[in-house]
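If you want the building blocks of each chain, they are given just below.
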Amino acid sequence: MAFNAMWKPGRQAVAGMQGNGSANPALLIYLDPDSLAILPPSDPAEWPEFIRLLRQIRDSADELAVFLSRHTTVHDDDARPE
């Protein structure tokens, strides 16, 4: 897997869906200051593969969040005075 760009989100970073219920939905990630929009293909026949990608993003984000949560807990324990 090759990476062309790396973004480091700022403190105001958020993610969400735009256009809920509209004809132009998108997954938006505001990285503070950069933004990333992930738009579905215009051809509904291509949506099953796009849905697969969205689920991979969801699952990978959850996996990373679990990892970071565990790592944060270890650091918090290390920082506590005995």
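Look a little higher up for the structure.
Sequence order as written defines residue numbering, which begins from 1 separately in each chain. For this predicted model, a pLDDT threshold of at least 70 governs which residues receive local features, and a threshold of 80 or more governs which side-chain atom pairs are given and counted, while totals over whole chains, interfaces and linings are taken from all residues. Side-chain figures throughout are based on the complete set of non-hydrogen atoms in the structure, without hydrogens or water.

With that settled, consider the overall build of the protein. Secondary structure counts use DSSP, requiring at least four H or I residues in a row for a helix and at least two E residues in a row for a strand, with both numbered from the N terminus. Looking only at helices and strands, one finds one helix and three strands in the protein. Along the protein, helices and strands appear, N-terminal first, in the series β-β-β-α. The buried share of the protein, reckoned over its 82 residues, is 7%. Contacts spanning at least 24 positions in sequence make up 6% of the contacts within the protein whose residues lie at least 6 apart. We get accessible surface area from the Shrake-Rupley algorithm with a probe of 1.4 Å; when it comes to residues, only the shown protein chains can shield them. Counting every atom, the protein has about 7400 Å² of accessible surface; 57% of that belongs to carbon and sulfur. Categorising residues by exposure relies on relative accessible area from a 1.4 Å probe, with only protein chains included: less than 20% of the type maximum marks a residue as buried, more than 50% marks it as exposed, and the intermediate range marks it as partly exposed. Contacts: residue pairs with any heavy atoms within 4.5 Å of one another.

What follows covers the layout of surface pockets. In this structure, the largest pocket occupies an estimated 430 Å³ of space. Contributing to the lining of the largest pocket are 13 residues, with Ile29, Leu31, Leu36, Ile57 and Ala61 lying nearest its centre. It is helix H1 (residues 47–79) that contributes the most residues to the lining of the largest pocket, five residues altogether. Gly is put with the polar residues, along with every residue not named as nonpolar or charged; the nonpolar set is Ala, Val, Leu, Ile, Met, Phe, Trp, Tyr, Cys and Pro, and the charged set is Asp, Glu, Lys and Arg. Looking at the lining of the largest pocket residue by residue, the classes come out as 11 nonpolar, two polar and no charged. In this analysis a 1.4 Å probe is tested at points of a 1 Å grid over the protein atoms alone, and where it fits but cannot get out there is a cavity; an open set with protein on both sides within 12 Å along at least five of seven lines is a pocket; lining residues have an atom within 4 Å of a point. Grid points are joined across faces, edges and corners, and a volume is the space filled by probe spheres set on the points.

A cis amide bond links aspartate 32 to the next residue, proline 33, at an omega of 20°. With respect to the element layout, proline 33 can be found in the loop between strand E2 (26–30) and strand E3 (35–38). For aspartate 32, which is not glycine, the phi torsion reads 55° and is therefore positive. You can see aspartate 32 is positioned in the loop between E2 and E3. Look at aspartate 32 and you get partly exposed, because its relative accessible area is 32%.

On to the sheet that holds E2. In short, DSSP must find at least two bridges between two strands for them to pair. Ordered by their spatial adjacency, three strands build an open sheet running E1-E2-E3, and the pairing between neighbours is antiparallel. Each edge of the open sheet is held by one strand with a lone partner, namely strand E1 (14–18) and E3. The mean inter-strand angle of the sheet, taken between neighbouring strand axes irrespective of direction, is 15°. Only the stretch in contact is used when a helix axis is fitted, and all axes are lines through C-alpha atoms; the angle between N-to-C directions ranges over 0 to 180 degrees.

Shape descriptors only; they carry no functional weight alone.
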